[in-house]
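Topology and contacts: notes
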Amino acid sequence: MRWDTPRAPGPGVGVPQEPVGHQAPRCFACGGPVSVGGLGVGGKTYHSNCFQCSACHQSIRGSFQPGEQGEALCEGCARARAPRCAGCSLAITGKYVSAENQTFHKECFVCASCRRPLSGQHNRDGDNLS
C-alpha cells in the first residue's frame, strides 16, 4: 500500500486565473472581484445577485427604478413609493403634471367641468380647476 502526500493544485487547476496584468473589477456591494456575469449600473459594477433593491433587499432581476437619492428600487417597491395621481389614485412612475400641490398623470389632468385635457392656463372655480 502506498500513501501519497496531498499536494496543492498547480497553476490553472481548480481556481480560475486572471490574465497577467488584468485585475477584475470589484463589486460595489460586497467588494469581491467580478470576473464573469457582472452588472454595470450607474458606473458601478455588481455581481448579479449583489444588485439589490434598497427597500426590500431582494436581488433585482430585470428593470428597476432609481429612487429619490439615486438608490435602486425594484418595480414593486418603486410603485409602492411613487406619488399617487389625484385624478385616478394610481401610482405615477413616469412624467406627470403638478398643480395646486397635487400630482396627476398627464391624461388625468382634465377640466373639472368638461373633462377635457388641460394645458396652458387654468382657472380656479372654488375647489375645481377648469
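This text goes with the structure placed above it.
This report concerns the structure included in the present document. These numbers were taken from a predicted model, which means no experiment stands behind them.

1. A short note on the overall build of the chain
A tally of helices and strands in the chain yields one helix and eight strands. Its helices and strands in sequence order give the chain the pattern β-β-β-β-α-β-β-β-β, from N to C terminus. Scored against the burial criterion, the 130 residues of the chain give a buried share of 23%. In the chain, once contacts between residues fewer than 6 apart in sequence are set aside, the share between residues at least 24 apart is 4%. In the structure as shown, the chain presents an accessible area of about 10100 Å², 50% of it carried by carbon and sulfur atoms.

2. Some thoughts on the packing of aromatic side chains
Summed over the entire model, instances satisfying the criterion amount to four aromatic pairs. What links up through ring pairs into an aromatic cluster is the set F28, Y46, F51 and F64. The ring of F28 is capped by K44, whose NZ or CZ atom sits 4.3 Å from the centre of that ring.

3. Some remarks on the nonpolar core
Counting residues in each nonpolar core, the largest one holds 12 residues, listed as C27, V34, V41, Y46, C50, F51, C53, I60, A72, L73, C77 and A78. Secondary-structure elements contributing two or more residues to this core are β4 (72–74) and α1 (75–81). Ignoring anything within four residues of it in the chain, the contact list for A78 reads Q65 and L73. Core analysis: the second largest hydrophobic core is formed by seven residues, A99, F104, F109 and C111 among them.

4. A few points about the pairing of strand β2 (residues 44–47)
Here four bridges tie strand β1 (residues 38–41) to β2, and the two strands are oriented antiparallel to one another. In the sheet register, V41 faces β2, and the bridge partner there is K44. What sits between the antiparallel neighbours β1 and β2 is a turn of two residues, in which G42 has the positive phi angle 60°.

5. A few points about the side chain of T103
Relative to the assigned elements, T103 resides in strand β6 (residues 102–104). T103 sits in the buried class, given a relative accessible area of 19%. Of the polar contacts made by the side chain of T103, one reaches the backbone oxygen of R84; its length is 3.2 Å. Those residues in contact with T103 that lie beyond four places of it in its chain are P83, R84, C85, A86, I92, Y96, V97 and S98.

Reading the values: the criteria
Residues numbered from 1 in each chain as written. Predicted model: local features only at pLDDT ≥ 70, side-chain atom pairs only at ≥ 80, totals over all residues. Heavy atoms only, no water. Helix = DSSP H or I, 4+ residues; strand = E, 2+ residues; numbered from the N terminus. Buried < 20%, exposed > 50% of the residue type's maximum accessible area, 1.4 Å probe, protein only. Contact = heavy atoms within 4.5 Å. Areas by Shrake-Rupley, 256 points an atom, 1.4 Å probe, with all protein chains shown as cover. Phe/Tyr/Trp six-rings, centres within 6.5 Å; stacked < 30°, edge-to-face > 60°. Lys NZ or Arg CZ within 6 Å of the ring centre and 35° of its normal. Core = buried A, V, L, I, M, F, W, Y, C linked by side-chain atoms within 4.5 Å. Pairing = 2+ DSSP bridges. Polar contact = N/O pair within 3.5 Å; in protein donor to acceptor, adjacent residues only side chain to side chain.

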